[in-house]
Amino acid sequence: MTAPAHPVTPTGVAPLPQATILGYPRIGRRRELKRAVEAFWKGKISEEQLRVTARELRAATRARLVELGLPATGGAVPESFSFYDQVLDATLALGAIPSRFADVAETGSDLASYFALARGDESHQPLEMTKWFDTNYHYSVPELSAATPLAANAAALVAQLAEAAEQGIESRPVLVGPVTYLLLAKAADDAAEGFAPIDRLDEVVAVYGELLAALAAAGARWVQLDEPALVSDSLSVPRAEVLALVERAYTTLGAPAVGAARPAILLTAPYGDSSAALTRLGALPVEAVQADLVRGTLPEEALADGSLAAAFAGTQLVAGVVDGRNIWRTDLRAALALAQRISDAGIATVIGTSNSLQHVPHDVADETKLDARLASWLAFADQKVTQVATLARGLAEGAAAIEAELADTEAALADRAGAPGVRDARVRERAAAVTSADRSRADEGARRDAQRGIGVPELATTTIGSFPQTTEIRTARAAFVRGEIDQAAYDGFLREEIARVIRLQEEIGLDVLVHGEAERNDMVQYFAELLDGFAVTENGWVQSYGTRATRPSILWGDVSRPAPMTVAWSAYAQSLTEKPVKGMLTGPVTILAWSFVRDDQPLADTAEQVALALRDEIDDLVAAGITIVQVDEPALRELLPLDADRQAAYLDWSVGSFRLATSGAASEVQIHTHLCYSEFGEIIGAVDGLDADVTSIEAARSRMDVVDPLGDHGYSRGIGPGVYDIHSPRVPSAAEQEELIRIAAARIPGEQLWVNPDCGLKTRGYEETVASLTNLVQAARAVRGA
Ligand code: GLN
Ligand code: ZN
């Protein structure tokens with residue numbers, strides 16, 4: 001079957017080729033960009049040298065994409081490079097330099113001023129960073145007021161287009177779209193009361209119009225504008241209004257003034273379900289619209305009754321059928337069938353990814369230590385590009401043309417389904433036998449009484465778990481991983497480190513101690529390495545923000561715990577002191593959120609298995625004499641679906657899995673949890689629902705903003721709003737921390753209140769840590785004594 005030919009040339013441009021991706025990882029296969037940028041920051045290489053490295057990386061990416069099967073011409077290859085962040089790039093393309101940076105960055109065209117916005121300098125706080133939709137990628141938040149300048153600066157985009165042309169590739173510039181840009185921006189501190197960045201939509205659209213004209217003049221045939229705001233219910237305006245704003249913006253952008261040229265526009269709606277908006281998006285004066293068909297669905301009714309096709313007459317639909325959020329091989333037959341249904345409805349169909357591939361690692365072939373069988377089930381960015389190209393061929397020439405690939409995938413999927421470890425009967429029987437009684441503890445009053453024996457004072461002081469990860473710790477770990485020191489030597493080193501940290505906390509005078517987490521490379525990977533059902537990668541880096549990348553573990557099979565994971569370290573720490581030492585675990589939701597999780601069963605089912613493993617760990621900790629166990633869930637909010645309709649179900653299973661992990665603990669055992677953010681509004685009921693005896697939470701930067709909602713909610717258990725902002729080396733004075741404790745104490749009864757930093761101390765140095773904690777203890781004592 002051949003796809004129907006559709007005339008898609010309102011601007012006289014040839015249609016987008018039938019295969020494309022929304023974006024590609026940009027840090028480099030071996031994190032070359034990270035190394036070059038950090039060397040530039042340290043003054044070891046010049047701006048020109050950094051630009052050369054970046055140019056080489058971009059050239060290598062384009063060449064690779066063509067090699068993997070994207071057409072070299074017609075705009076199939078996206079230009080998704082960024083030195084740091086794509087939202088920051090848009091800020092510079094718009095010339096929207098916040099007034100507080102006016103002195104450093106007049107044009108933003110030199111890299112020093114670009115990085116000054118991202119990272120701050122002696123005299124400027126950096127732009128705030130926050131999570132990009134429901135991913136673990138963080139972007140630099142634009143700051144706007146009515147006075148922020150706006151002036152198109154297409155230089156970087158035009159230069160990349162020219163580089164591509166030199167390589168013989170017609171690439172497609174990519175920009176965050178105007179509506180999403182403004183909805184992700186915040187009002188600058190100097191903005192007038194009541195100002196919202198979206199108030200400037202028409203002006204910003206005019207600047208985008210200039211950027212498009214500049215790109216057209218430079219020879220761009222296509223441009224991609226990303227509007228993930230279309231799929232989110234978590235923005236400052238309701239989703240229906242986002243759609244209306246997008247219509248307003250693109251009606252203008254699509255119909256430039258007489259005589260002005262523009263490239264054809266691909267408008268994308270990644271990261272979620274745009275089905276309710278799709279017909280209206282198809283009717284806009286743009287040449288292609290992308291829909292995420294992994295997270296999202298098709299508007300079936302409109303597809304069946306022809307109204308979708310009518311809206312898409314003259315517009316291509318990029319079917320995002322290859323998952324850009326995960327690392328599993330696509331079920332090619334199902335993906336082809338989905339795309340074929342769209343095409344059969346008379347819509348010009350392009351095969352694409354659900355979102356940019358920036359959230360997956362480069363290449364499975366770079367993994368030398370993964371089990372070969374597991375590797376055969378995986379697809380990183382490069383494999384996904386091949387899948388896109390294959391599906392496009394299948395759509396153009398019929399399924400028979402790609403029968404070999406379809407059969408090969410099918411065999412891999414069947415192999416995966418039947419492989420040992422993917423389904424473990426014992427794990428499944430146990431999960432099936434879970435009852436609601438397994439998710440509840442005695443009532444909190446009884447627990448409070450039972451826990452008096454632990455002996456913590458009012459306004460008890462504690463930390464969140466990790467102590468500074470020093471160069472010595474990293475060096476010892478690296479030596480152990482390389483086999484240069486043996487297990488006994490490494491364990492001995494860690495025991496000394498734990499003993500040192502315990503002594504230090506006693507000297508400082510903290511009430512509830514921690515062992516310091518020196519043995520953990522990462523709060524998820526540490527557990528992934530010890531649990532069955534997980535694998536870890538060598539080169540599976542994914543950008544978290546700027547030059548920071550993480551290596552998520554792969555959760556591929558049923559999860560169980562072959563042996564205790566933390567008990568020896570915690571018991572050793574407890575043996576050194578009379579004070580209680582907290583056992584320290586990462587919760588089921590966070591373990592899932594920061595791993596690549598199997599896609600063959602609901603997340604909820606996987607979370608239950610992780611919870612049962614943690615439940616056993618808590619039992620063992622308690623049996624070893626631990627009386628307080630902290631189960632961290634910093635990612636609880638991150639996984640909250642963007643789609644309001646799906647939030648209740650999520651909160652239900654996520655809270656349920658935490659409770660399953662912790663409810664085996666007797667009343668005498670105090671369960672703590674830790675959350676890393678201060679915007680509570682949407683999930684306060686869920687936080688309460690965790691039923692932890694004590695919850696520590698980030699609060700210092702927002703000056704205890706969390707306290708009021710908690711008070712209003714009638715939160716009745718222990719709460720530790722952070723009084724020490726650990727995100728910078730700055731040492732908060734005792735007076736400053738005392739003031740924060742008093743703000744909290746005015747709202748929360750003293751017997752509920754704990755005193756702790758915002759988060760773990762692993763990124764801090766010892767000098768500032770000791771000074772800050774000493775002040776923290778002094779502040780708590782001052783408030784207690786009053
Ligand atoms: N216990 C962890 C630590 O202190 C918590 C880290 C986190 O909240 N991200 O490092
Ligand atoms: Zn934290």
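Within any chain, residue numbers begin from 1 and follow the written order of that chain's sequence. Written order determines the labels here, with chains lettered from A and ligands numbered from 1. Confidence filtering applies because this is a predicted model: local features only for residues at pLDDT of at least 70, side-chain atom pairs given and counted only at 80 or more, and all residues used for totals across whole chains, interfaces and linings.

Quick word on the pairing of strand β8 (residues 264-269)
In step 1: With respect to burial, β8 is a largely interior element, six of its six residues being buried.
In step 2: Residues A264, L266 and T268 of β8 are buried on one face, and the alternating residues I265, L267 and A269, pointing to the opposite face, are buried as well.
In step 3: Note that strand β7 (residues 222-226) and β8 share five bridges and pair parallel. Each residue of the ladder has a partner; that of D226, found in β8, is T268.
In step 4: Summarising the sheet, β8 and strand β9 (residues 288-292) pair through four bridges and their orientation is parallel. Bridging from a neighbouring strand, L266 pairs with A288 of β9. Buried, partly exposed and exposed are defined by the number of other C-beta atoms within 10 Å of a residue's own C-beta, namely 20 or more, between the two limits, and 12 or fewer respectively, with C-beta atoms placed from the backbone. Numbered from the N terminus, helices here are DSSP runs of H or I no shorter than four residues, and strands are runs of E no shorter than two. The criterion for strand pairing is that DSSP finds at least two bridges linking the strands in question.

Section: the sheet that holds strand β13 (residues 532-535)
In a beta sheet, neighbouring strands are held together by backbone hydrogen bonds and run either parallel or antiparallel to one another.
In step 1: Spatial ordering of the open sheet is given by β13-β16-β18, a layout of three strands whose pairing is mixed. A single partner strand is all that each edge strand has here, and the edge strands are β13 and β18 (595-597). Adjacent strand axes in the sheet meet at a mean angle of 30 degrees, parallel and antiparallel pairs treated alike.
In step 2: Note: strand β16 (residues 553-560) against β18, three bridges, orientation parallel. Within β18, the residue paired with L555 across the bridge is V597.
In step 3: In the packing of helix α23 (residues 603-623) onto the sheet, contacts are made with β16 and β18, and the angle to β16 comes to roughly 70 degrees. Here an angle of 0 to 180 degrees is reported between the N-to-C directions of two axes, which are lines fitted to C-alpha atoms, with helices fitted over the stretch in contact. C-beta atoms are placed from the backbone for every residue, and two residues are taken to be in contact when these atoms lie within 7 Å.

With respect to the environment of R416
In step 1: Checked against the element boundaries, R416 lands in helix α15 (residues 403-418).
In step 2: Given 20 C-beta atoms within a 10 Å radius, R416 is considered buried.
In step 3: A C-alpha to C-alpha distance of 8.2 Å links R416 and R373, two positions 43 residues apart in sequence.

Here we look at the nonpolar core
In step 1: Counting 230 residues, the largest nonpolar core has A319, I351, L391 and V629 as the members making the most contacts within it.
In step 2: The leading source of residues in this core is α23, at nine residues.
In step 3: Apart from residues no more than four positions distant in its own chain, A319 is found in contact with A291, L293, L338, A339, I342, T349, V350, I351 and G352. In this usage, the nonpolar core is the set of buried Ala, Val, Leu, Ile, Met, Phe, Trp, Tyr and Cys residues whose C-beta atoms join them within 7 Å.

Here we look at the sheet that holds β8
In step 1: If you trace the seven strands from one edge of the open sheet to the other, you get β1-β5-β7-β8-β9-β10-β11, paired in parallel fashion. Either end of the sheet is taken by a strand with one partner, and the two such strands are β1 (77-79) and β11 (349-353). Put simply, the sheet's adjacent strands are angled 30 degrees from each other on average, direction ignored.
In step 2: When β9 meets strand β10 (residues 316-322), the two strands line up parallel, connected through five bridges. Residue pairing in the sheet places V289 in a bridge with L317 of β10.

What to know about the packing of helix α19 (residues 487-508) against helix α21 (residues 567-575)
In step 1: Packing of α19 against α21 leaves a shortest axis separation of 10 Å and a crossing angle of 45 degrees. As the angle between them shows, α19 and α21 are arranged oblique. Seen along the crossing, α19 lies across α21 with a hand that is right-handed. Across the interface between the two elements, R495, I498 and I502 from α19 touch W569, Y572 and A573 from α21.
In step 2: Note that Gly is not counted as nonpolar here; it falls among the polar residues with everything else outside the nonpolar set of Ala, Val, Leu, Ile, Met, Phe, Trp, Tyr, Cys and Pro and the charged set of Asp, Glu, Lys and Arg. Among the residues forming the contact of α19 with α21, the class breakdown is five nonpolar, no polar and one charged. Reported orientations rely on four angle classes, namely roughly parallel under 35 degrees, roughly antiparallel over 145, roughly perpendicular from 65 to 115, and oblique for the rest. Left-handed describes a crossing whose near helix is turned anticlockwise from the far helix by less than a right angle; the clockwise case is right-handed.

Here we look at the pairing of strand β5 (residues 171-176)
In step 1: Within β5, six of the six residues are buried, which leaves it mostly tucked inside the rest of the structure.
In step 2: Burial along β5 is two-sided: S171, P173 and L175 and R172, V174 and V176, pointing in opposite directions, are all buried.
In step 3: With three bridges connecting them, β1 and β5 associate as parallel partners. Note on β5: the bridge partner recorded for V77 is S171.
In step 4: With three bridges connecting them, β5 and β7 associate as parallel partners. Within the sheet, the bridge partner assigned to V174 lies in β7 and is Q224.

Considering helix α4 (residues 111-119)
In step 1: Among the residues making up α4, those that are buried are Y114, F115, A116, L117 and A118.
In step 2: Those residues of α4 that are buried lie in contact with α1 (32-41), α3 (86-93) and β3 (138-140).
In step 3: Immediately downstream of α4, the backbone of G120 shows phi near 75 degrees, a positive value.

Remarks on the packing of helix α16 (residues 425-432) against α23
In step 1: Running from N to C, α16 and α23 cross one another at 95 degrees; their axes reach a closest spacing of 10 Å. Here α16 is positioned roughly perpendicular relative to α23, judged by the angle of their axes. Residues V427, R430 and A431 of α16 touch α23, and the partners they reach there are E608, Q609 and L612.
In step 2: For the contact of α16 with α23, the class distribution of residues is three nonpolar, one polar and two charged.

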